[in-house]
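# Structure at a glance
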Amino acid sequence: MPPTLASLVHHSALKLGVRAGEQHLDTPVRWAHVSELADPVPYMEGGELLLITALKLDAEDPDAMRRYVKRLAEAGVVGLGFAVGVNYDDVPEALVKAAKDEGLPLLAVPPRTPFIAISKAVSAAIAAEQYKAVTSGFAAQRELTKQALGSGPEGVLGVLAAQVDGWAALYDASGAVVATAPDWAGRRAARLTGEVERLRDRPAPASAVVESGSDDRVELHSIGTGRRPRAALAVGTAATLGTAERYALHSAIALLTLTTERSRALYEAEQRIGAAVLRMLLAGEPDHARAVAGDLYGALLDAPFRMVIADSVAPPSSGRAARGGGTSTGTAALLAEAVTGAGGPGVGPSPSSQLRTSSGDPIPVLADVVESAAARSGEALLVVPDNQRLVLLAVDGGTAAEACLQYAEALESTRGEGSSEEELVIGFSAPAGPIAAVSAYKQAEQALSVARRRGRILVEHEDVATGSVLPLLGDDAVRAFADGLLRALRDHDATGRGDLVASLRAWLSRHGQWDAAAADLGVHRHTLRYRMRRVEEILGRSLDDPDVRMELWLALKATGA
(Lines give C-alpha, C1' and ligand atoms only; values in the text may rest on other atoms or scores of the structure.)
Protein backbone atom coordinates (compact mmCIF):
# COMPACT_ATOMS: atom_id res chain seq x y z
CA MET A 1 0.00 0.00 0.00
CA PRO A 2 1.17 3.66 -0.44
CA PRO A 3 3.05 5.41 2.39
CA THR A 4 0.97 6.81 5.27
CA LEU A 5 1.68 9.31 8.00
CA ALA A 6 1.88 6.37 10.40
CA SER A 7 4.59 4.66 8.32
CA LEU A 8 6.62 7.90 8.36
CA VAL A 9 6.18 8.25 12.12
CA HIS A 10 7.39 4.67 12.59
CA HIS A 11 10.37 5.22 10.27
CA SER A 12 13.32 4.77 12.61
CA ALA A 13 15.60 7.19 10.79
CA LEU A 14 13.16 10.13 10.77
CA LYS A 15 12.26 10.22 14.47
CA LEU A 16 9.11 12.25 13.91
CA GLY A 17 6.85 13.18 16.82
CA VAL A 18 3.06 13.47 16.75
CA ARG A 19 1.59 16.65 18.25
CA ALA A 20 -1.98 16.51 16.85
CA GLY A 21 -4.32 14.44 14.69
CA GLU A 22 -3.27 11.00 15.97
CA GLN A 23 -6.57 9.55 14.79
CA HIS A 24 -5.76 10.34 11.13
CA LEU A 25 -2.26 8.90 10.85
CA ASP A 26 -3.47 6.09 8.54
CA THR A 27 -4.08 8.65 5.76
CA PRO A 28 -2.03 7.91 2.58
CA VAL A 29 0.58 10.48 1.58
CA ARG A 30 0.86 11.32 -2.14
CA TRP A 31 3.91 13.55 -1.78
CA ALA A 32 6.01 15.62 0.66
CA HIS A 33 6.24 19.31 -0.23
CA VAL A 34 8.21 22.19 1.33
CA SER A 35 6.70 25.68 1.27
CA GLU A 36 7.26 28.79 3.39
CA LEU A 37 4.49 30.73 1.68
CA ALA A 38 1.87 32.30 3.90
CA ASP A 39 -0.72 30.68 1.60
CA PRO A 40 0.64 27.62 -0.23
CA VAL A 41 -2.85 26.31 -1.11
CA PRO A 42 -2.79 27.47 -4.78
CA TYR A 43 0.18 25.16 -5.32
CA MET A 44 -1.33 22.09 -3.63
CA GLU A 45 -3.17 19.20 -5.36
CA GLY A 46 -4.32 17.38 -2.22
CA GLY A 47 -2.79 14.44 -0.40
CA GLU A 48 0.48 16.22 0.45
CA LEU A 49 2.48 16.32 3.67
CA LEU A 50 3.43 20.00 3.94
CA LEU A 51 6.80 20.74 5.56
CA ILE A 52 7.40 24.22 7.07
CA THR A 53 9.79 26.17 9.34
CA ALA A 54 7.26 29.02 9.83
CA LEU A 55 9.73 31.47 8.34
CA LYS A 56 6.94 33.82 7.19
CA LEU A 57 4.25 32.82 9.63
CA ASP A 58 3.32 34.21 13.02
CA ALA A 59 2.98 30.71 14.45
CA GLU A 60 2.12 32.07 17.92
CA ASP A 61 -0.94 34.00 16.76
CA PRO A 62 -4.01 31.78 17.46
CA ASP A 63 -6.26 33.51 14.90
CA ALA A 64 -3.64 33.40 12.17
CA MET A 65 -2.89 29.72 12.84
CA ARG A 66 -6.58 28.83 12.91
CA ARG A 67 -7.08 30.39 9.49
CA TYR A 68 -3.87 28.84 8.14
CA VAL A 69 -4.64 25.29 9.29
CA LYS A 70 -8.27 25.47 8.21
CA ARG A 71 -7.27 26.50 4.71
CA LEU A 72 -4.74 23.66 4.48
CA ALA A 73 -7.30 21.09 5.62
CA GLU A 74 -9.90 22.33 3.13
CA ALA A 75 -7.30 22.04 0.34
CA GLY A 76 -6.76 18.35 1.11
CA VAL A 77 -3.37 18.60 2.80
CA VAL A 78 -3.10 15.38 4.86
CA GLY A 79 -0.48 16.49 7.37
CA LEU A 80 1.80 19.29 8.52
CA GLY A 81 5.45 18.79 9.43
CA PHE A 82 7.00 21.53 11.61
CA ALA A 83 10.80 21.89 11.88
CA VAL A 84 11.76 22.27 15.53
CA GLY A 85 14.83 24.39 16.39
CA VAL A 86 14.90 26.51 13.23
CA ASN A 87 12.68 29.52 13.80
CA TYR A 88 10.99 28.19 16.93
CA ASP A 89 12.49 26.05 19.68
CA ASP A 90 9.34 23.96 19.80
CA VAL A 91 6.05 23.68 17.97
CA PRO A 92 4.05 26.79 19.01
CA GLU A 93 0.98 26.04 21.13
CA ALA A 94 -1.25 28.16 18.85
CA LEU A 95 -0.38 25.88 15.91
CA VAL A 96 -0.88 22.73 18.00
CA LYS A 97 -4.33 23.88 19.18
CA ALA A 98 -5.41 24.88 15.65
CA ALA A 99 -4.31 21.47 14.27
CA LYS A 100 -6.17 19.62 17.05
CA ASP A 101 -9.33 21.64 16.49
CA GLU A 102 -9.21 20.92 12.76
CA GLY A 103 -8.16 17.26 13.15
CA LEU A 104 -5.08 17.81 10.97
CA PRO A 105 -2.06 15.61 11.87
CA LEU A 106 0.85 17.75 13.06
CA LEU A 107 4.33 16.19 13.13
CA ALA A 108 7.34 17.60 14.93
CA VAL A 109 10.50 17.30 12.82
CA PRO A 110 13.66 17.16 14.99
CA PRO A 111 16.68 19.33 14.09
CA ARG A 112 18.73 16.37 12.88
CA THR A 113 16.08 15.33 10.35
CA PRO A 114 16.30 17.44 7.17
CA PHE A 115 13.21 17.90 5.08
CA ILE A 116 14.91 16.16 2.15
CA ALA A 117 15.14 12.97 4.24
CA ILE A 118 11.36 12.99 4.64
CA SER A 119 10.88 13.68 0.91
CA LYS A 120 13.21 10.80 0.05
CA ALA A 121 11.36 8.45 2.41
CA VAL A 122 8.02 9.32 0.81
CA SER A 123 9.46 9.03 -2.71
CA ALA A 124 11.11 5.68 -1.94
CA ALA A 125 7.86 4.29 -0.48
CA ILE A 126 5.85 5.44 -3.52
CA ALA A 127 8.45 3.92 -5.88
CA ALA A 128 8.39 0.66 -3.92
CA GLU A 129 4.60 0.61 -4.13
CA GLN A 130 4.69 1.21 -7.88
CA TYR A 131 7.34 -1.47 -8.36
CA LYS A 132 5.22 -3.88 -6.35
CA ALA A 133 2.20 -3.04 -8.50
CA VAL A 134 4.15 -3.55 -11.73
CA THR A 135 5.62 -6.83 -10.48
CA SER A 136 2.20 -8.02 -9.35
CA GLY A 137 0.78 -6.96 -12.71
CA PHE A 138 3.39 -8.94 -14.62
CA ALA A 139 2.73 -11.99 -12.44
CA ALA A 140 -1.01 -11.63 -13.07
CA GLN A 141 -0.35 -11.26 -16.79
CA ARG A 142 1.64 -14.51 -16.84
CA GLU A 143 -1.12 -16.35 -14.99
CA LEU A 144 -3.83 -14.83 -17.21
CA THR A 145 -1.91 -15.84 -20.34
CA LYS A 146 -1.49 -19.36 -19.00
CA GLN A 147 -5.22 -19.63 -18.36
CA ALA A 148 -6.10 -18.14 -21.74
CA LEU A 149 -4.03 -20.82 -23.49
CA GLY A 150 -5.24 -23.66 -21.29
CA SER A 151 -8.76 -22.93 -20.06
CA GLY A 152 -9.93 -20.18 -22.36
CA PRO A 153 -12.10 -17.21 -21.30
CA GLU A 154 -13.42 -19.02 -18.21
CA GLY A 155 -9.89 -19.42 -16.85
CA VAL A 156 -9.09 -15.76 -17.57
CA LEU A 157 -12.18 -14.67 -15.62
CA GLY A 158 -11.21 -16.82 -12.64
CA VAL A 159 -7.72 -15.30 -12.37
CA LEU A 160 -9.03 -11.77 -12.93
CA ALA A 161 -11.68 -12.10 -10.21
CA ALA A 162 -9.02 -13.29 -7.75
CA GLN A 163 -6.64 -10.45 -8.70
CA VAL A 164 -9.21 -7.69 -8.18
CA ASP A 165 -10.77 -9.40 -5.13
CA GLY A 166 -14.21 -9.24 -6.74
CA TRP A 167 -16.08 -10.87 -9.59
CA ALA A 168 -15.91 -10.86 -13.40
CA ALA A 169 -18.37 -11.71 -16.18
CA LEU A 170 -18.14 -12.10 -19.94
CA TYR A 171 -21.02 -11.28 -22.32
CA ASP A 172 -21.46 -12.23 -25.96
CA ALA A 173 -22.38 -9.87 -28.79
CA SER A 174 -26.10 -10.11 -28.00
CA GLY A 175 -25.59 -9.11 -24.36
CA ALA A 176 -26.14 -12.60 -22.93
CA VAL A 177 -23.91 -13.77 -20.07
CA VAL A 178 -21.37 -16.32 -21.31
CA ALA A 179 -19.35 -17.03 -18.16
CA THR A 180 -18.80 -15.65 -14.65
CA ALA A 181 -16.27 -16.03 -11.88
CA PRO A 182 -17.00 -16.93 -9.16
CA ASP A 183 -20.16 -18.85 -10.06
CA TRP A 184 -22.30 -16.87 -7.60
CA ALA A 185 -21.78 -13.71 -9.70
CA GLY A 186 -24.19 -14.94 -12.40
CA ARG A 187 -27.21 -13.10 -11.00
CA ARG A 188 -25.33 -9.86 -10.55
CA ALA A 189 -24.02 -10.09 -14.09
CA ALA A 190 -27.51 -10.78 -15.51
CA ARG A 191 -28.78 -7.47 -14.10
CA LEU A 192 -26.36 -5.58 -16.34
CA THR A 193 -27.66 -6.87 -19.69
CA GLY A 194 -29.23 -3.50 -20.53
CA GLU A 195 -26.02 -1.65 -19.76
CA VAL A 196 -24.06 -4.08 -21.93
CA GLU A 197 -26.45 -3.46 -24.83
CA ARG A 198 -25.93 0.29 -24.47
CA LEU A 199 -22.16 -0.21 -24.41
CA ARG A 200 -22.42 -2.35 -27.56
CA ASP A 201 -24.01 0.56 -29.43
CA ARG A 202 -20.91 2.70 -28.83
CA PRO A 203 -17.83 2.47 -31.09
CA ALA A 204 -15.12 0.19 -29.67
CA PRO A 205 -13.11 0.46 -27.53
CA ALA A 206 -15.66 1.66 -24.99
CA SER A 207 -15.94 1.50 -21.21
CA ALA A 208 -18.33 2.65 -18.50
CA VAL A 209 -18.75 2.61 -14.74
CA VAL A 210 -22.31 1.56 -13.84
CA GLU A 211 -24.54 0.98 -10.86
CA SER A 212 -25.23 -2.71 -10.28
CA GLY A 213 -28.01 -2.44 -7.72
CA SER A 214 -25.65 -3.69 -4.98
CA ASP A 215 -22.65 -2.27 -3.16
CA ASP A 216 -20.35 -3.20 -6.05
CA ARG A 217 -18.51 -0.75 -8.22
CA VAL A 218 -18.81 -2.24 -11.71
CA GLU A 219 -16.72 -1.41 -14.75
CA LEU A 220 -17.82 -2.47 -18.24
CA HIS A 221 -15.34 -2.79 -21.11
CA SER A 222 -15.96 -3.71 -24.75
CA ILE A 223 -13.97 -6.59 -26.24
CA GLY A 224 -12.86 -6.65 -29.88
CA THR A 225 -10.96 -4.59 -32.43
CA GLY A 226 -13.75 -3.92 -34.92
CA ARG A 227 -16.26 -1.09 -34.97
CA ARG A 228 -18.85 -3.33 -33.32
CA PRO A 229 -17.72 -5.03 -30.09
CA ARG A 230 -17.50 -8.82 -30.16
CA ALA A 231 -18.12 -9.16 -26.43
CA ALA A 232 -18.09 -7.23 -23.16
CA LEU A 233 -16.32 -7.69 -19.83
CA ALA A 234 -17.78 -6.66 -16.46
CA VAL A 235 -15.66 -6.39 -13.30
CA GLY A 236 -17.26 -5.81 -9.90
CA THR A 237 -15.25 -4.71 -6.86
CA ALA A 238 -15.88 -3.17 -3.47
CA ALA A 239 -13.62 -0.16 -4.21
CA THR A 240 -11.85 1.62 -7.05
CA LEU A 241 -9.21 -0.53 -8.73
CA GLY A 242 -5.60 0.05 -7.70
CA THR A 243 -2.59 0.10 -9.98
CA ALA A 244 -1.91 -3.65 -9.78
CA GLU A 245 -5.60 -4.48 -10.31
CA ARG A 246 -5.70 -2.11 -13.28
CA TYR A 247 -2.71 -3.88 -14.86
CA ALA A 248 -4.51 -7.22 -14.45
CA LEU A 249 -7.72 -5.83 -15.96
CA HIS A 250 -5.97 -4.44 -19.04
CA SER A 251 -4.12 -7.72 -19.54
CA ALA A 252 -7.41 -9.63 -19.35
CA ILE A 253 -9.02 -7.31 -21.91
CA ALA A 254 -6.09 -7.81 -24.30
CA LEU A 255 -6.18 -11.61 -23.93
CA LEU A 256 -9.96 -11.81 -24.35
CA THR A 257 -9.69 -9.60 -27.44
CA LEU A 258 -7.07 -11.95 -28.90
CA THR A 259 -9.32 -14.92 -28.09
CA THR A 260 -12.35 -13.41 -29.82
CA GLU A 261 -10.33 -12.25 -32.83
CA ARG A 262 -8.81 -15.70 -33.17
CA SER A 263 -12.33 -17.10 -32.92
CA ARG A 264 -13.39 -14.75 -35.71
CA ALA A 265 -10.68 -16.12 -38.01
CA LEU A 266 -11.83 -19.66 -37.24
CA TYR A 267 -15.42 -18.61 -37.72
CA GLU A 268 -14.72 -17.12 -41.12
CA ALA A 269 -13.13 -20.41 -42.16
CA GLU A 270 -16.20 -22.28 -40.91
CA GLN A 271 -18.40 -19.83 -42.78
CA ARG A 272 -16.58 -20.56 -46.04
CA ILE A 273 -17.21 -24.27 -45.47
CA GLY A 274 -20.86 -23.50 -44.78
CA ALA A 275 -21.15 -21.54 -48.02
CA ALA A 276 -19.63 -24.46 -49.91
CA VAL A 277 -22.12 -26.86 -48.26
CA LEU A 278 -25.02 -24.61 -49.26
CA ARG A 279 -23.81 -24.33 -52.87
CA MET A 280 -23.58 -28.12 -53.13
CA LEU A 281 -27.07 -28.57 -51.70
CA LEU A 282 -28.51 -26.07 -54.17
CA ALA A 283 -26.60 -27.76 -57.00
CA GLY A 284 -28.40 -31.01 -56.19
CA GLU A 285 -25.34 -32.74 -54.71
CA PRO A 286 -26.43 -33.71 -51.17
CA ASP A 287 -23.86 -36.52 -50.86
CA HIS A 288 -20.98 -34.17 -51.63
CA ALA A 289 -22.47 -31.57 -49.29
CA ARG A 290 -22.62 -34.12 -46.46
CA ALA A 291 -19.00 -35.12 -47.06
CA VAL A 292 -17.83 -31.50 -46.88
CA ALA A 293 -20.03 -30.72 -43.87
CA GLY A 294 -18.29 -33.38 -41.78
CA ASP A 295 -18.74 -33.00 -38.03
CA LEU A 296 -19.17 -29.24 -38.34
CA TYR A 297 -22.56 -29.23 -40.09
CA GLY A 298 -23.28 -32.96 -40.37
CA ALA A 299 -25.81 -32.95 -37.52
CA LEU A 300 -27.74 -30.22 -39.30
CA LEU A 301 -28.10 -32.36 -42.43
CA ASP A 302 -29.15 -35.43 -40.45
CA ALA A 303 -32.38 -33.81 -39.22
CA PRO A 304 -35.16 -31.87 -40.96
CA PHE A 305 -34.12 -28.26 -41.39
CA ARG A 306 -35.66 -24.96 -42.40
CA MET A 307 -34.22 -22.82 -45.15
CA VAL A 308 -34.53 -19.16 -44.15
CA ILE A 309 -33.84 -16.11 -46.33
CA ALA A 310 -33.76 -12.63 -44.77
CA ASP A 311 -33.57 -9.29 -46.53
CA SER A 312 -34.16 -5.66 -45.61
CA VAL A 313 -36.48 -3.23 -47.35
CA ALA A 314 -37.27 0.46 -47.04
CA PRO A 315 -40.23 1.07 -44.69
CA PRO A 316 -43.56 1.84 -46.37
CA SER A 317 -44.67 5.45 -46.17
CA SER A 318 -48.35 4.71 -45.70
CA GLY A 319 -50.94 2.03 -45.25
CA ARG A 320 -50.05 0.96 -41.73
CA ALA A 321 -51.47 2.17 -38.47
CA ALA A 322 -48.84 3.51 -36.10
CA ARG A 323 -48.24 1.29 -33.13
CA GLY A 324 -45.16 2.89 -31.68
CA GLY A 325 -42.47 5.44 -32.28
CA GLY A 326 -40.03 3.17 -34.12
CA THR A 327 -38.36 -0.19 -33.64
CA SER A 328 -35.01 0.36 -31.96
CA THR A 329 -35.76 0.68 -28.24
CA GLY A 330 -38.84 -1.51 -27.97
CA THR A 331 -37.36 -4.27 -30.09
CA ALA A 332 -34.16 -4.39 -28.07
CA ALA A 333 -36.14 -4.82 -24.87
CA LEU A 334 -38.33 -7.57 -26.35
CA LEU A 335 -35.33 -9.40 -27.76
CA ALA A 336 -33.51 -9.23 -24.42
CA GLU A 337 -36.50 -10.91 -22.80
CA ALA A 338 -37.29 -13.33 -25.61
CA VAL A 339 -34.02 -14.64 -26.98
CA THR A 340 -31.22 -13.85 -24.52
CA GLY A 341 -30.40 -15.71 -21.35
CA ALA A 342 -27.61 -16.31 -18.89
CA GLY A 343 -24.95 -18.90 -19.45
CA GLY A 344 -23.78 -20.64 -22.57
CA PRO A 345 -20.77 -21.58 -24.63
CA GLY A 346 -18.01 -19.25 -25.67
CA VAL A 347 -18.04 -16.04 -27.60
CA GLY A 348 -17.83 -16.09 -31.36
CA PRO A 349 -18.17 -13.35 -33.94
CA SER A 350 -21.22 -13.01 -36.09
CA PRO A 351 -21.43 -12.70 -39.87
CA SER A 352 -22.43 -9.08 -39.46
CA SER A 353 -18.85 -8.13 -40.34
CA GLN A 354 -19.57 -9.24 -43.91
CA LEU A 355 -22.91 -7.46 -44.04
CA ARG A 356 -23.92 -3.85 -43.80
CA THR A 357 -23.23 -2.47 -40.35
CA SER A 358 -25.28 0.72 -40.47
CA SER A 359 -27.56 1.25 -37.50
CA GLY A 360 -30.63 1.07 -39.75
CA ASP A 361 -29.95 -2.47 -41.03
CA PRO A 362 -31.63 -5.18 -38.92
CA ILE A 363 -29.90 -8.13 -40.62
CA PRO A 364 -26.72 -8.09 -38.48
CA VAL A 365 -28.92 -8.04 -35.38
CA LEU A 366 -30.85 -11.06 -36.65
CA ALA A 367 -27.55 -12.86 -37.28
CA ASP A 368 -26.42 -12.13 -33.70
CA VAL A 369 -29.73 -13.32 -32.28
CA VAL A 370 -29.86 -16.67 -34.06
CA GLU A 371 -26.16 -17.40 -33.57
CA SER A 372 -26.31 -16.62 -29.86
CA ALA A 373 -29.34 -18.88 -29.47
CA ALA A 374 -27.65 -21.72 -31.35
CA ALA A 375 -24.41 -21.30 -29.37
CA ARG A 376 -26.21 -21.47 -26.02
CA SER A 377 -27.98 -24.70 -26.97
CA GLY A 378 -25.03 -26.29 -28.79
CA GLU A 379 -27.15 -26.51 -31.93
CA ALA A 380 -25.70 -26.62 -35.45
CA LEU A 381 -26.53 -23.58 -37.57
CA LEU A 382 -25.43 -22.62 -41.07
CA VAL A 383 -25.23 -18.86 -41.69
CA VAL A 384 -24.27 -17.60 -45.15
CA PRO A 385 -24.28 -13.91 -46.17
CA ASP A 386 -25.62 -13.62 -49.72
CA ASN A 387 -24.81 -10.09 -50.95
CA GLN A 388 -27.07 -7.96 -48.75
CA ARG A 389 -29.23 -10.90 -47.72
CA LEU A 390 -28.76 -13.65 -45.17
CA VAL A 391 -29.38 -17.36 -45.78
CA LEU A 392 -29.85 -19.64 -42.79
CA LEU A 393 -30.10 -23.40 -42.46
CA ALA A 394 -31.59 -24.07 -39.03
CA VAL A 395 -32.82 -27.22 -37.33
CA ASP A 396 -36.61 -27.49 -37.66
CA GLY A 397 -38.11 -26.69 -34.26
CA GLY A 398 -34.69 -25.81 -32.82
CA THR A 399 -33.63 -22.84 -30.74
CA ALA A 400 -32.19 -20.86 -33.64
CA ALA A 401 -35.39 -21.14 -35.70
CA GLU A 402 -37.47 -20.27 -32.63
CA ALA A 403 -35.25 -17.26 -31.87
CA CYS A 404 -35.73 -16.05 -35.44
CA LEU A 405 -39.52 -16.32 -35.09
CA GLN A 406 -39.48 -14.50 -31.75
CA TYR A 407 -37.28 -11.75 -33.12
CA ALA A 408 -39.68 -11.27 -36.03
CA GLU A 409 -42.62 -11.13 -33.61
CA ALA A 410 -40.82 -8.51 -31.54
CA LEU A 411 -40.21 -6.38 -34.63
CA GLU A 412 -43.80 -6.83 -35.80
CA SER A 413 -45.18 -5.70 -32.44
CA THR A 414 -43.11 -2.50 -32.41
CA ARG A 415 -43.50 -1.38 -36.01
CA GLY A 416 -44.45 2.25 -36.35
CA GLU A 417 -45.46 4.38 -39.32
CA GLY A 418 -42.88 6.97 -40.32
CA SER A 419 -39.79 5.07 -39.20
CA SER A 420 -36.75 5.86 -41.33
CA GLU A 421 -35.00 2.58 -40.54
CA GLU A 422 -34.95 -0.34 -42.96
CA GLU A 423 -37.32 -3.16 -42.10
CA LEU A 424 -36.63 -6.86 -42.07
CA VAL A 425 -38.44 -9.40 -44.27
CA ILE A 426 -37.97 -13.12 -43.70
CA GLY A 427 -39.09 -16.14 -45.69
CA PHE A 428 -39.27 -19.61 -44.06
CA SER A 429 -39.37 -22.83 -46.05
CA ALA A 430 -41.27 -25.91 -44.99
CA PRO A 431 -39.22 -28.59 -43.16
CA ALA A 432 -36.93 -30.35 -45.62
CA GLY A 433 -33.90 -32.61 -45.93
CA PRO A 434 -30.72 -32.40 -48.03
CA ILE A 435 -32.38 -34.01 -51.08
CA ALA A 436 -35.10 -31.33 -51.11
CA ALA A 437 -32.77 -28.37 -50.45
CA VAL A 438 -33.41 -26.82 -53.88
CA SER A 439 -37.15 -26.95 -53.31
CA ALA A 440 -36.71 -25.53 -49.79
CA TYR A 441 -34.71 -22.59 -51.17
CA LYS A 442 -37.46 -21.85 -53.69
CA GLN A 443 -40.06 -22.05 -50.93
CA ALA A 444 -38.10 -19.56 -48.80
CA GLU A 445 -37.79 -17.23 -51.80
CA GLN A 446 -41.54 -17.47 -52.42
CA ALA A 447 -42.33 -16.81 -48.76
CA LEU A 448 -39.95 -13.83 -48.81
CA SER A 449 -41.72 -12.41 -51.87
CA VAL A 450 -45.11 -12.83 -50.20
CA ALA A 451 -43.80 -11.12 -47.05
CA ARG A 452 -42.79 -8.11 -49.14
CA ARG A 453 -46.16 -7.97 -50.91
CA ARG A 454 -48.19 -8.31 -47.71
CA GLY A 455 -46.04 -5.89 -45.70
CA ARG A 456 -45.20 -8.62 -43.18
CA ILE A 457 -41.95 -9.17 -41.29
CA LEU A 458 -42.03 -12.98 -41.63
CA VAL A 459 -44.00 -15.45 -43.73
CA GLU A 460 -43.69 -19.22 -43.58
CA HIS A 461 -44.24 -21.26 -46.71
CA GLU A 462 -47.07 -23.15 -45.01
CA ASP A 463 -48.90 -19.81 -44.71
CA VAL A 464 -48.47 -19.20 -48.43
CA ALA A 465 -49.91 -22.60 -49.29
CA THR A 466 -52.93 -22.27 -46.98
CA GLY A 467 -53.70 -18.61 -47.60
CA SER A 468 -55.66 -16.95 -50.37
CA VAL A 469 -54.14 -16.06 -53.73
CA LEU A 470 -56.04 -12.80 -53.81
CA PRO A 471 -53.53 -10.75 -51.76
CA LEU A 472 -51.01 -11.56 -54.49
CA LEU A 473 -53.07 -9.57 -56.99
CA GLY A 474 -52.03 -6.25 -55.46
CA ASP A 475 -49.02 -5.90 -57.73
CA ASP A 476 -49.09 -2.88 -60.08
CA ALA A 477 -48.39 -5.06 -63.12
CA VAL A 478 -51.38 -7.30 -62.28
CA ARG A 479 -53.68 -4.31 -61.86
CA ALA A 480 -52.48 -2.83 -65.15
CA PHE A 481 -53.24 -6.11 -66.94
CA ALA A 482 -56.70 -6.26 -65.34
CA ASP A 483 -57.53 -2.69 -66.27
CA GLY A 484 -56.48 -3.33 -69.86
CA LEU A 485 -58.52 -6.51 -70.10
CA LEU A 486 -61.72 -4.88 -68.81
CA ARG A 487 -61.31 -1.40 -70.37
CA ALA A 488 -63.36 -2.18 -73.49
CA LEU A 489 -66.25 -3.47 -71.39
CA ARG A 490 -66.16 -0.41 -69.14
CA ASP A 491 -66.13 1.89 -72.18
CA HIS A 492 -69.21 0.08 -73.49
CA ASP A 493 -71.02 0.43 -70.15
CA ALA A 494 -70.12 4.13 -69.97
CA THR A 495 -72.31 4.78 -73.07
CA GLY A 496 -75.36 3.47 -71.22
CA ARG A 497 -75.84 0.54 -73.59
CA GLY A 498 -75.84 -2.16 -70.92
CA ASP A 499 -74.11 -3.30 -67.75
CA LEU A 500 -71.69 -5.84 -69.18
CA VAL A 501 -69.12 -5.78 -66.31
CA ALA A 502 -71.73 -6.48 -63.60
CA SER A 503 -73.36 -9.12 -65.78
CA LEU A 504 -70.01 -10.83 -66.38
CA ARG A 505 -69.28 -10.88 -62.63
CA ALA A 506 -72.71 -12.36 -61.83
CA TRP A 507 -72.42 -15.01 -64.52
CA LEU A 508 -68.87 -16.05 -63.48
CA SER A 509 -69.78 -16.10 -59.77
CA ARG A 510 -72.69 -18.48 -60.59
CA HIS A 511 -70.35 -20.77 -62.61
CA GLY A 512 -72.25 -20.02 -65.87
CA GLN A 513 -75.71 -20.88 -64.51
CA TRP A 514 -78.02 -18.63 -66.52
CA ASP A 515 -81.12 -18.68 -64.38
CA ALA A 516 -79.29 -18.06 -61.09
CA ALA A 517 -77.14 -15.27 -62.52
CA ALA A 518 -80.13 -13.63 -64.24
CA ALA A 519 -82.06 -13.73 -60.97
CA ASP A 520 -79.18 -12.00 -59.19
CA LEU A 521 -79.23 -9.25 -61.82
CA GLY A 522 -83.04 -9.02 -61.98
CA VAL A 523 -83.12 -9.58 -65.75
CA HIS A 524 -84.44 -12.29 -68.07
CA ARG A 525 -82.01 -15.09 -68.87
CA HIS A 526 -82.21 -14.26 -72.58
CA THR A 527 -81.04 -10.73 -71.79
CA LEU A 528 -78.10 -12.18 -69.90
CA ARG A 529 -77.28 -14.51 -72.82
CA TYR A 530 -77.28 -11.50 -75.16
CA ARG A 531 -74.93 -9.60 -72.83
CA MET A 532 -72.45 -12.50 -72.63
CA ARG A 533 -72.41 -12.71 -76.47
CA ARG A 534 -71.60 -8.98 -76.51
CA VAL A 535 -68.75 -9.59 -74.02
CA GLU A 536 -67.30 -12.24 -76.34
CA GLU A 537 -67.66 -9.96 -79.36
CA ILE A 538 -66.03 -6.96 -77.65
CA LEU A 539 -63.16 -8.94 -76.10
CA GLY A 540 -62.67 -11.26 -79.05
CA ARG A 541 -62.51 -14.23 -76.69
CA SER A 542 -64.68 -17.24 -76.02
CA LEU A 543 -66.21 -17.68 -72.57
CA ASP A 544 -66.20 -21.43 -73.17
CA ASP A 545 -62.41 -21.33 -72.64
CA PRO A 546 -61.67 -21.95 -68.92
CA ASP A 547 -58.44 -19.92 -69.18
CA VAL A 548 -60.40 -16.92 -70.39
CA ARG A 549 -62.95 -17.27 -67.60
CA MET A 550 -60.11 -17.52 -65.04
CA GLU A 551 -58.36 -14.41 -66.38
CA LEU A 552 -61.59 -12.41 -66.40
CA TRP A 553 -62.47 -13.47 -62.83
CA LEU A 554 -59.01 -12.55 -61.54
CA ALA A 555 -59.22 -9.22 -63.39
CA LEU A 556 -62.55 -8.48 -61.73
CA LYS A 557 -61.11 -9.37 -58.28
CA ALA A 558 -57.92 -7.35 -58.84
CA THR A 559 -59.83 -4.20 -59.84
CA GLY A 560 -62.70 -4.63 -57.41
CA ALA A 561 -65.14 -4.43 -60.29
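Now for a description of the structure that goes with this document.

About the criteria used
- Residues numbered from 1 in each chain as written.
- Predicted model: local features only at pLDDT ≥ 70, side-chain atom pairs only at ≥ 80, totals over all residues.
- Heavy atoms only, no water.
- Helix = DSSP H or I, 4+ residues; strand = E, 2+ residues; numbered from the N terminus.
- Contact = heavy atoms within 4.5 Å.
- Expected span 1.5 Å × (residues − 1).
- Buried < 20%, exposed > 50% of the residue type's maximum accessible area, 1.4 Å probe, protein only.
- Pairing = 2+ DSSP bridges.
- Axes fitted to C-alpha atoms, helices over the stretch in contact; angles between N-to-C directions.

### Details of the overall build of the protein
When you go through the protein residue by residue, the secondary structure sums to 19 helices and 15 strands. The contacts in the protein between residues at least 6 apart in sequence include a share of 66% that link residues at least 24 apart.

### Description of unusual backbone geometry
Cis geometry is found at the peptide bond from A181 to P182, where omega equals -10 degrees. Of note, P182 is situated in the loop between β7 (177–181) and α6 (186–190). Positive phi, normally seen in glycine, also occurs at D165, with a value near 55 degrees. Position of D165 relative to the elements: it lies in the loop between α5 (153–164) and β6 (167–171).

### Brief notes about helix α13 (residues 437–454)
Three or four residues apart is the spacing at which side chains of an α-helix point the same way, because the helix has 3.6 residues per turn. A rise of 1.5 Å per residue sets the reference length of α13, with its 18 residues, at 26 Å; its end C-alpha atoms lie 25 Å apart and thus fit the reference within 8%. For α13, the set of buried residues is A437, A440, Y441, Q443, A444, A447, L448, V450 and A451. Just past α13, the residue G455 takes up positive phi, approximately 70 degrees.

### With respect to the sheet that holds strand β3 (residues 48–52)
Reading across from one edge, β1-β5-β4-β3-β2 is the order of the 5 strands in this open sheet, with mixed pairing throughout. Looking along the sheet, the strands with just one partner apiece sit at the ends: β1 (17–20) and β2 (31–34). Adjacent strand axes in the sheet meet at a mean angle of 30 degrees when their direction is disregarded. Relative to strand β4 (residues 79–83), β3 runs parallel, the two sharing 4 bridges. Within the sheet, the bridge partner assigned to L50 lies in β4 and is L80. The strands touched by helix α3 (residues 93–102) within the sheet are β1, β4 and β5 (106–109), with β1 carrying the most contacts at an inclination of about 70 degrees.

### A few points about the pairing of strand β9 (residues 217–223)
In terms of burial, β9 is largely enclosed, as 6 of its 7 residues are buried. Taken together, the 5 bridges between strand β8 (residues 207–211) and β9 define a ladder with antiparallel strand orientation. Within the sheet, the bridge partner assigned to V210 lies in β9 and is V218. The pairing of β9 with strand β10 (residues 231–237) spans 7 bridges and is classified as antiparallel. By the bridge assignment, I223 is partnered in β10 with A231.

### Some remarks on the sheet that holds strand β11 (residues 305–313)
As a general point, the strands of a sheet are linked pairwise by backbone hydrogen bonds and lie either parallel or antiparallel. Across the sheet, 5 strands lie side by side as β12-β13-β11-β14-β15; this open sheet has mixed pairing. The open sheet has two free edges, formed respectively by β12 (381–386) and β15 (458–460), since each of these has just one partner strand. Between one strand and the next, the sheet's axes are offset by a mean angle of 15 degrees, whatever the strand orientation. Contacts between α13 and the sheet are confined to β11, β12, β13 (389–395), β14 (423–428) and β15, with β11 contributing the most and set at about 35 degrees to the helix.

Any functional reading would require information beyond the geometric quantities listed.
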